[in-house]
Amino acid sequence: MPHPLRRVPVREFERVLDAIGEPNERARAFAALCRMNTLYMVTRAGSGHLGSSFSAADLVAQLLLQEMHEPGTDDGDVYFSSKGHDAPGLYAALIGLGMLPEEDLHRLRRLGGLPGHPDVHTPHMPFNTGSLGMGVSKAKGLILADRLRSLRRRVFVTMGDGELQEGQVWESLAGAVHHRMDELTLIVDHNKIQSDTWIRDVSDLGDLEGKFRSHGWGVLRCDGNDVAALAVAFGERRERFTGVPVVLIADTVKGGGCATFAATSMPDDEWRYRFHSGAPSEEDYLSAHAELVEVAGTILARNGLGELELVSEEPRVAPRPAGERLPEVYGEVLLDRAGTHPGIVALDADLVLDTGLIPFSRAYPDRFFECGIAEQDMVSTAGGLAAGGLLPFVHSFSCFLHARPNEQIYNNATEGRRVVYVGSLAGLLPAGPGHSHQAVRDVAALGAVPGLVMLEPANAEELTAAVDFCLESEESVYLRLASVPVPAESAAIGSGPLRAGRGRTVREGDRVVAVAAGPVVLTQLLRAADLLMTDGIRLRVVNLPWLNRVDEQWLTELAAEADTLVVVENHYRHGGQADTVARALLEARVPRLPDFHGIGLTEVPVCGTEDEALDAHGLSAPRLAEQILKAVRSR
């Protein structure tokens, strides 16, 4: 974005808060300034969650400025967001209060900066959130620990209303009542929209107040974008309810406080909310910034303050990577195949846009089932559809699809019926959302499931062949899809016949062989091969898209042609493709074992740009070249 970005310096937060004495006016002004800096942070980072941050801005302001006792201190009240999508807004508030350094405004989703979702390594973040449904349970544990230490403090938790579709939320409620946790206040940011669309059109929440009351919770409700109404509600919470946890249902507007982003600005016929994630366009940025300046200026003027002083910053313009996105290609291929395979049905977990399913859902609405943010239910529903003679394709982000419904996937496998699981956003990249969304343990988590083949295509051609394999296979399949654009190097390797457990050489070389799957690591390996030429090493690169299967004969032939064999994976080192290949090598009893090395993640994945994350974990081309050169020389 060529236009300069403007932000509110911390000195302006201090000036405004010092000058405004009336509590509700202070909170209104603070929320307005936080929205301005949230817009700056997300735009500068190139991604983030504006809608959730804006809907929660007023309640965060009210909590931090008025309701909480000594927030940010060891014995003070605790606040955290369970949904985690509103992290940019919370960061802006903490920076405005001097609880985080001002330079962090420029470091959202950067290595060593502020992660895309809350992380405990950031000050004042008590829990890692972003994996939904865990907030009340975490808060209960913290309260129990406080009681054992004879510490009395209140815990405030925000949840998204879409998040309430997760089963763990409802499992957690009874225990809080049983333990009479009046320290606990749950705030539902009830903005009526989940990631893509309206909750009422996905999995309507029904009588939300009645549901919480039936579990024994105290219930309050107010306008969550009105700080005066919030002040009254929190006062009622203190006065009316003792000995029970309380939920405050805060009716908000997604993107509230700014007409450009507000869901109330959506046309009646528009089903998709456009500002859940990602950075705004330049046009939307300028429009939103002007609106926010006007809102803040009005508050300051009626309190006798001068104009707001803003700081201009040059934008960080990151080039948009070229290349096809596999989930989008997948959606078109599935749509095409559905025309000749009437048994195909598709299930989605509130990610229809990101999993490529919009074309299918429009063409075959009777064969498309939106299950909402309820992965366990979705996977077991797929088991029922399979029992009815259909072939269900089940979709979510890989980070959610392999983990939360792991038992349900295994249960389906024990029944011996075919289900295809399609996990997008697989692997380390994109790294901006943080580790809650980086699926780097899915191969280990599902690799041992009987009758489940794991397959990761490298490009659009191989993806098309992989979908056809899913249709023809007698086993269930986990299709692992990288969501970042396919680089030119991986696109150029095309696809050969997919034969289970067998790989294909995509760059000829000598007796140093590197094996990988998927466009991220294959591309880096192909670039590393160019670098290694300067050291006299002609690296042979092999694409092995099968993650938990290796053909013994093929591997024996490959091993006979290698002095050094390296497996590089977009995954943790333990439990992934390297382990599968190493075991197969030993069991094949090859006459002469090559030196074997596995390269992959060894630590929780970092948040940052793509280049930062790849380099930090040793998966960038230069770092791979270094490691392969070291392996060769160690012989």
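Note: the structure precedes this text.
Residues numbered from 1 in each chain as written. Predicted model: local features only at pLDDT ≥ 70, side-chain atom pairs only at ≥ 80, totals over all residues. Heavy atoms only, no water.

A.B. asks: Can you walk me through the sheet that holds strand β5 (residues 218-223) in this structure?
C.D. replies: The 5 strands lie next to each other as β2-β3-β4-β6-β5, forming an open sheet whose pairing is parallel. Each edge of the open sheet is held by one strand with a lone partner, namely β2 (78-81) and β5. On average, adjacent strands in this sheet sit at an angle of 20° to one another, irrespective of strand direction. Pairing geometry for β5 and strand β6 (residues 246-251), over 6 bridges, is parallel. For D223, the partnering residue across the bridge sits in β6 and is D251. Helix-sheet contacts for helix α8 (residues 227-240) involve β3 (155-160), β4 (184-190), β5 and β6, and the interaxial angle to β5 is about 165°. (Pairing = 2+ DSSP bridges. Helix = DSSP H or I, 4+ residues; strand = E, 2+ residues; numbered from the N terminus. Axes fitted to C-alpha atoms, helices over the stretch in contact; angles between N-to-C directions. Contact = heavy atoms within 4.5 Å.)

A.B. asks: Looking at this structure, how should I read the packing of helix α18 (residues 519-532) against helix α22 (residues 621-634)?
C.D. replies: Relative placement of two packed helices is described by the angle separating their axes and the distance separating the axes. One way to put it is that α18 packs onto α22 with a least axis distance of 8 Å and a crossing angle of 60°. By the angle between their directions, the pair α18 and α22 is classed as oblique. When the axes of α18 and α22 are compared, the crossing they make is right-handed. In contact with Q524, L525, R527, A528, L531 and L532 of α18, α22 contributes A621, P622, L624, A625, I628 and L629. Looking at the contact of α18 with α22 residue by residue, the classes come out as 10 nonpolar, 1 polar and 1 charged. (Parallel < 35°, antiparallel > 145°, perpendicular 65-115°, else oblique. Left-handed = near helix turned anticlockwise from the far one by under 90°. Nonpolar A, V, L, I, M, F, W, Y, C, P; charged D, E, K, R; others polar.)

A.B. asks: What is the right way to read the pattern of salt bridges from this model?
C.D. replies: Charged atoms that come close allow side chains of opposite charge to pair. Using the criterion set out here, one finds 44 salt bridges in the structure. Here D182 ties to R152 by a salt bridge, and the two come within 3.2 Å at their closest N and O atoms. With D182 in the loop between α6 (167-178) and β4 and R152 in the loop between α5 (135-148) and β3, this residue pair connects regions lying 30 residues apart in the sequence. Salt-bridge contacts for E415 lead to R417; the nearest nitrogen and oxygen are separated by 3.4 Å. Look at E415 and you get partly exposed, because its relative accessible area is 40%. Here the residues in one salt-bridge network are K192, E209, R213, R221 and D251, joined through shared partners. (Salt bridge = Lys/Arg side-chain N within 4 Å of Asp/Glu carboxyl O. Buried < 20%, exposed > 50% of the residue type's maximum accessible area, 1.4 Å probe, protein only.)

A.B. asks: I would appreciate a short explanation of unusual backbone geometry in the present structure.
C.D. replies: Leave glycine aside and you will find that most residues have negative phi; peptide bonds, for their part, are mostly trans. With omega at 0°, the peptide bond leading from L429 into P430 counts as cis. In this structure, P430 sits in the loop between β11 (420-424) and α15 (442-446). The phi angle at S150 is positive, at roughly 60°, despite the residue not being glycine. Considering the arrangement of structural elements, one finds S150 in the loop between α5 and β3. Not every positive phi belongs to a glycine, and R180 is a case in point at roughly 50°. With respect to the secondary-structure elements, R180 resides in the loop between α6 and β4. By relative accessible area, R180 is classed as exposed at 54%.

A.B. asks: Would you take a moment to explain the pairing of β3 for this structure?
C.D. replies: On any regular strand, side chains alternate: one points to one face of the sheet, the next to the other face. For β3, the tally of buried residues reaches 6 of 6 residues, placing the bulk of the element in the interior. Going residue by residue along β3, you find V155, V157 and M159 tucked away on one face and F156, T158 and G160 tucked away on the opposite face as well. Strand direction decides the pairing type here: β2 and β3, joined by 4 bridges, are parallel. By the bridge assignment for β3, Y79 is matched with F156.

A.B. asks: Got a minute to help me understand the nonpolar core in this structure?
C.D. replies: Considering soluble globular proteins, one finds that nonpolar side chains tend to be buried as a cluster. Formed by 73 residues in total, the largest nonpolar core has its most connected members in M41, L59 and F261. The set of elements that each furnish at least two residues to this core consists of α1 (10-19), α2 (23-45), α3 (50-67), α4 (87-96), β5, α8, β6 and α9 (282-302). Among all residues touching L59, those that are not within four sequence positions of it are Y79, T158, I187, G224, L230 and A250. (Core = buried A, V, L, I, M, F, W, Y, C linked by side-chain atoms within 4.5 Å.)

A.B. asks: Quick question: what am I supposed to make of the packing of aromatic side chains here?
C.D. replies: The description of an aromatic ring pair rests on the distance of the ring centres and on the angle between the ring planes. Overall, the coordinates contain 11 aromatic pairs when judged by the stated rule. Ring geometry for F469 versus W546: centroids 5.0 Å apart, planes at 75°, classification edge-to-face. Of this pair, F469 sits in helix α16 (residues 460-472) while W546 is found in the loop between β16 (539-543) and α19 (552-560), placing the two residues 77 residues apart along the sequence. Taking relative accessible area as the criterion, W546 reaches 0% and is therefore assigned buried. Ring-pair connections join several aromatic residues into one group, and the members of that group are F54, F261, Y273 and F275. Its end group placed over the ring of W198, R200 keeps NZ or CZ at 4.7 Å from the ring centre. The ring of Y364 has R367 sitting right over it, with the charged end atom 4.3 Å from the ring centre. (Phe/Tyr/Trp six-rings, centres within 6.5 Å; stacked < 30°, edge-to-face > 60°. Lys NZ or Arg CZ within 6 Å of the ring centre and 35° of its normal.)

A.B. asks: Would you mind showing me how to read the packing of helix α12 (residues 375-387) against helix α14 (residues 406-414) here?
C.D. replies: At a minimum axis separation of 8 Å, α12 and α14 run at an interaxial angle of 10°. In this view, α12 runs roughly parallel relative to α14, as classed from their interaxial angle. Judged by residue contacts, Q376, V379, S380 and G383 of α12 engage Q408, I409 and N412 from α14. Here the residues of the contact of α12 with α14 sort into 2 nonpolar, 5 polar and no charged.

A.B. asks: Is there a simple way to explain the sheet that holds strand β12 (residues 452-455) in this structure?
C.D. replies: Adjacent strands of a sheet form backbone hydrogen bonds with each other and so pair up, either parallel or antiparallel. One open sheet holds the 6 strands; their spatial order is β9-β8-β10-β11-β13-β12, and the pairing between them is parallel. The two strands at the open ends of the sheet, each matched to only one other strand, are β9 (368-370) and β12. Here the average twist between neighbouring strands, direction ignored, is 20°. One ladder, built from 4 bridges, connects β12 with strand β13 (residues 476-480); its direction is parallel. Among the inter-strand pairings, V453 is bridged to a residue of β13, identified as V477. This element, helix α10 (residues 326-338), spans β8 (344-348), β10 (391-397), β11 and β13 of the sheet and lies at about 165° to β10. Packing against the sheet, α16 makes contact with β8, β10, β11, β12 and β13, and its axis sits at approximately 160° to β13.

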